[in-house]
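# Descriptive analysis of the structure
Each chain, letter by letter, is given below.
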Amino acid sequence: MGTLILPRSGLVYLDANPIIYSVEKHPVFGPLLQPLWQAAQAKTIEVVSSELVLMEVLVGPFKSGDRALEKAFEQALLGTDMRLLPIIQPMFREAARLRATTKLKTPDAIHAATASNAGCILFITNDAGFRGIGSIPLVILNDLLMP
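Cut-off values and rules
Residues numbered from 1 in each chain as written. Predicted model: local features only at pLDDT ≥ 70, side-chain atom pairs only at ≥ 80, totals over all residues. Heavy atoms only, no water. Helix = DSSP H or I, 4+ residues; strand = E, 2+ residues; numbered from the N terminus. Buried < 20%, exposed > 50% of the residue type's maximum accessible area, 1.4 Å probe, protein only. Contact = heavy atoms within 4.5 Å. Areas by Shrake-Rupley, 256 points an atom, 1.4 Å probe, with all protein chains shown as cover. Phe/Tyr/Trp six-rings, centres within 6.5 Å; stacked < 30°, edge-to-face > 60°. Expected span 1.5 Å × (residues − 1). Patch = residues over 30% accessible without salt bridge, like charges linked within 9 Å, V, L, I, M, F, W, Y side chains within 5 Å. Salt bridge = Lys/Arg side-chain N within 4 Å of Asp/Glu carboxyl O. 1 Å grid on protein atoms, 1.4 Å probe; cavity = no way out; pocket = protein on both sides within 12 Å on 5 of 7 lines; lining within 4 Å. Points joined across faces, edges and corners; volume = space filled by probe spheres on them. Nonpolar A, V, L, I, M, F, W, Y, C, P; charged D, E, K, R; others polar.

The next subject is the overall build of the protein. Looking only at helices and strands, one finds 6 helices and 5 strands in the protein. In terms of its C-alpha atoms, the protein occupies a principal-axis envelope of roughly 40 × 35 × 30 Å. Per-residue burial for the protein yields a buried fraction of 44% across its 147 residues. Long-range contacts, defined here as pairs at least 24 residues apart, represent 65% of the contacts in the protein between residues at least 6 apart. Surface accessibility of the protein: about 7,800 Å² in total, with carbon and sulfur atoms responsible for 57%.

Turning our eyes to something else, we now look at the packing of aromatic side chains. For the structure on display, the rule yields 3 aromatic pairs. With a centroid separation of 4.6 Å and 20 degrees between ring planes, the pair formed by Tyr21 and Phe29 is classed as stacked. A residue is classified by how much of its surface remains accessible, and Phe29, at 6% relative accessible area, is buried. Taken together through their ring pairs, the aromatic side chains of Tyr13, Phe123 and Phe130 make up a single cluster.

Once that is clear, we can look at helix α5 (residues 89-101). Between its terminal C-alpha atoms α5 stretches 19 Å, which fits the 18 Å expected from 13 residues at 1.5 Å a residue. In this structure, the buried side of α5 is in contact with α6 (106-118).

In this section: a nonpolar patch on the surface. Among the surface-exposed residues, Met1, Val28 and Leu145 lie close enough to one another that they form a single nonpolar patch of about 270 Å² accessible area. Position of Val28 among the secondary structure elements: in the loop between α1 (16-23) and α2 (29-41).

The volume enclosed by the largest pocket comes to roughly 380 Å³. Considering the residues around the largest pocket, the lining is formed by 15 residues, among which Ser22, Trp37, Gln41, Ala76 and Asp81 are closest to the centre. Elements with a minimum of two residues in the lining of the largest pocket: α1, α2 and α4 (67-78). In terms of residue count, the dominant contributor to the lining of the largest pocket is α2 (4 residues). Taken together, the residues of the lining of the largest pocket sort by class into 6 nonpolar, 7 polar and 2 charged.

Shown next, in the form of structure tokens:
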């Protein structure tokens, strides 16, 4: 298994799936993401995502009625280890451009536009569809599992 290589400093953007893996303590991806959270706690990097991610990660707990998991997601997203970025009007224009020029669906285009607008230096996901964005260095977690 590979290792998640992090920048020495700067903003690191997370798509919804790494957040889900971390909160739900996924047996493979959870440990792979531990260096990210350690670096965030040490304040060497800042972990960010779009406010959109709050909606995305709460769907599962709402469907299952799991209040403890709902609270765990809210604590992770609204606590001190990461910051949620607001979606502002210029991001919708960039998201529209991405929708027109890539195969990204609307939520993913909003994530990519938010990361780009914020000046993120790394984008972490497990969605191979983001390969088309090109403007931000990308880590697809499944790629780290390949020998």
